[in-house]
Amino acid sequence: MQKTNQRRSGSGVDTAALKSLKVKTGICKRVMKELHSYEQVVDKEFAKTQNVKNSQACSFDIKRQEHVLQESYMMVPNCQKRLETALTTLEKAVVGERPSSPSSCYSFSSKSTAKLSSEILPVPNT
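Throughout what follows, the structure given in this document is the object of discussion. In this text, all values refer to a predicted model and were calculated from it rather than measured experimentally.

This next bit is on the environment of Val 52. If you trace the backbone, Val 52 turns up in helix 1 (residues 15-54). Considered as a pair, Val 52 and Ile 62 are 10 residues apart in the sequence and their alpha carbons are 6.2 Å apart. When neighbours within four sequence positions are excluded, Val 52 is seen to be in contact with Ala 57, Asp 61, Ile 62 and Gln 65.

Here it is in structure tokens:
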């Protein structure tokens with residue numbers, strides 16, 4: 001008899017689907033942390049750049065610090081795009097794997113999806 005990856009737990013929920021939801025939720029959480037980290041780096045580098053400009057440093061130091069700040073700025077949209085992709089993937093998995101009886105993983109993934117969506121997706125001006 002062949003083993004399959006689609007075992008069912010006692011609640012009738014596919015364990016492979018639960019594992020997939022946990023992984024996708026973890027990816028969203030990790031990328032969200034990265035985004036917050038990059039935003040903090042941008043704030044820190046902006047303050048550094050202002051400090052270098054105010055201290056009348058040589059033009060080379062100012063240009064170098066502005067270059068560092070520019071690189072930091074470029075990471076934020078990149079990370080936002082990765083987060084939107086991960087969130088879309090998670091939303092599709094949550095909708096596609098809706099169990100007959102709600103499990104804690106499904107509830108957590110649904111709440112995480114809603115929370116992340118409200119944090120990263122722009123609110124339309126109406």
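From this point, things continue past the structure.
So, about the pattern of salt bridges. Using the criterion set out here, one finds five salt bridges in the structure. The salt bridge involving Glu 34 is made with Arg 82; its shortest N-O contact spans 2.8 Å. Of this pair, Glu 34 sits in helix 1 while Arg 82 sits in helix 2 (residues 59-96), and the two are 48 residues apart along the sequence. Residue Glu 34 is classed as partly exposed on the basis of its relative accessible area, which comes to 22%. Measuring nitrogen to oxygen at the nearest pair gives 3.9 Å for the salt bridge that ties Glu 45 to Lys 48. Here Glu 45 pairs with Lys 48, and both are found in helix 1, just three residues apart, close to one helical turn. Accessibility expressed as a relative area gives 11% for Glu 45, which makes it buried. Here Lys 48 falls in the partly exposed class, since its relative accessible area comes to 42%. Taken together, the shared-partner salt bridges in this structure form one network comprising Arg 30, Glu 34 and Arg 82.

Quick look at the side chain of Gln 65 now. Position of Gln 65 among the secondary structure elements: in helix 2. By relative accessible area, which is 12% here, Gln 65 ends up buried. Setting aside residues no more than four positions away along its own chain, Gln 65 makes contact with Glu 45, Lys 48, Thr 49 and Val 52.

Moving on to the environment of Leu 87. Among the secondary structure elements, Leu 87 is positioned in helix 2. Through-space distance from the C-alpha of Leu 87 to that of Thr 25 is 8.3 Å; in sequence the pair is 62 residues apart.

Since there are 3.6 residues in each turn of an α-helix, residues three or four apart along the chain are aligned in direction. With 38 residues, helix 2 extends 56 Å between its outermost C-alpha atoms, agreeing within 8% with the 56 Å of an ideal straight helix rising 1.5 Å per residue. Those residues of helix 2 that fall on the buried side of the exposure criterion are Ile 62, Gln 65, Leu 69, Ser 72, Val 76, Cys 79, Leu 83, Ala 86, Leu 87, Leu 90, Ala 93 and Val 94.

What follows is about the packing of helix 1 against helix 2. With their axes 8 Å apart at the nearest point, helix 1 and helix 2 run at an angle of 160 degrees to one another. Relative to helix 2, helix 1 is oriented roughly antiparallel. Crossing angle aside, the handedness with which helix 1 passes helix 2 is left-handed. Here the residues of the contact of helix 1 with helix 2 sort into 24 nonpolar, six polar and nine charged.

Calculation notes
Residues numbered from 1 in each chain as written. Predicted model: local features only at pLDDT ≥ 70, side-chain atom pairs only at ≥ 80, totals over all residues. Heavy atoms only, no water. Helix = DSSP H or I, 4+ residues; strand = E, 2+ residues; numbered from the N terminus. Contact = heavy atoms within 4.5 Å. Salt bridge = Lys/Arg side-chain N within 4 Å of Asp/Glu carboxyl O. Buried < 20%, exposed > 50% of the residue type's maximum accessible area, 1.4 Å probe, protein only. Expected span 1.5 Å × (residues − 1). Axes fitted to C-alpha atoms, helices over the stretch in contact; angles between N-to-C directions. Parallel < 35°, antiparallel > 145°, perpendicular 65-115°, else oblique. Left-handed = near helix turned anticlockwise from the far one by under 90°. Nonpolar A, V, L, I, M, F, W, Y, C, P; charged D, E, K, R; others polar.

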